[in-house]
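So you can see what is in the structure, the chains are spelled out below.
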Amino acid sequence: MAGAGPETECPAEQTRRAVLLGTLAVTSYLVSSGQAAADDKPGADERPQKGDLLVISDGDNEGQVIKATDLKQGGPPVRAWPKNPKTSVVRDGSRLNEILVVKLDPGELDETTRARAVDGIVAYSAVCAHAACPVTEWVKSDVGDKEVLKCPCHNSEFDPRAGAQVVFGPAPRRLAALPLAVNEGSLTVAGPFIGKLGGAQPG
């Protein structure tokens, strides 16, 4: 006996098929609508503003406001987004807004870096100035005995104690710095990025 095709399915089977297809369509719509809503958050792609809070950008504590006391001196850096404290919008609409926050010995910071740090805590763009890869590593420098911010794409290294200047690799300039302040124990943005964001080459 030949197998039954869609045209010979019983009414109950046709109903189940219709329900399944309907469910899939609704799920697809909700997922796409949710993504669109996330992409359309007013202010999500704006650069950090003075007074923005800093929140953890990934991991188990994603979205948690960063307190100055949360950071261990000597690193490792914490990845963060700025967050508008009035609207609660996290400015994650542009990868250029992701920040690396690390606490260092204030005595090791140069004068310019110390002026925009708070309690030894500094913040820099997480996007490499070479090919716009993410800066993800915190390792001993290839040219010194201190830990540095390192981009694994082409091995550029940046010294966070000296304004994230390039100490190794092909990056043509330092990482953009973000001045910080503390408000009721929470890290906040004290001013706009200092320096150019993004890479010198497509990446």
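Everything below is about the structure printed above this text.
Structural notes, computed from the coordinates.

Calculation criteria
Residues numbered from 1 in each chain as written. Predicted model: local features only at pLDDT ≥ 70, side-chain atom pairs only at ≥ 80, totals over all residues. Heavy atoms only, no water. Salt bridge = Lys/Arg side-chain N within 4 Å of Asp/Glu carboxyl O. Helix = DSSP H or I, 4+ residues; strand = E, 2+ residues; numbered from the N terminus. Buried < 20%, exposed > 50% of the residue type's maximum accessible area, 1.4 Å probe, protein only.

## A short note on the pattern of salt bridges
For step 1, the next point in the chain: On inspection of all chains with the given rule, the structure shows ten salt bridges.
For step 2, the next point in the chain: Of the charged contacts, one joins Glu98 and Arg79 as a salt bridge, the two residues approaching to 3.3 Å between their closest N and O atoms. Taken as a pair, Glu98 in the loop between strand S2 (78-83) and strand S3 (99-103) and Arg79 in strand S2 lie far apart in primary sequence, 19 residues in all.
For step 3, the next point in the chain: Among the residues examined, Arg79 registers a relative accessible area of 15% and is labelled buried.
For step 4, the next point in the chain: Note that Arg161 is salt-bridged to Glu108, the shortest N-O span being 3.0 Å. Placement of Arg161 in the loop between strand S7 (157-159) and strand S8 (165-168) and of Glu108 in the loop between S3 and helix H2 (111-115) is noted, with a sequence separation of 53 residues between them.
For step 5, the next point in the chain: The exposure class of Arg161 is buried, given its relative accessible area of 7%.
For step 6, the next point in the chain: One salt-bridge network, in which partners are shared between bridges, spans Glu108, Lys146, Glu147, Asp159 and Arg161.

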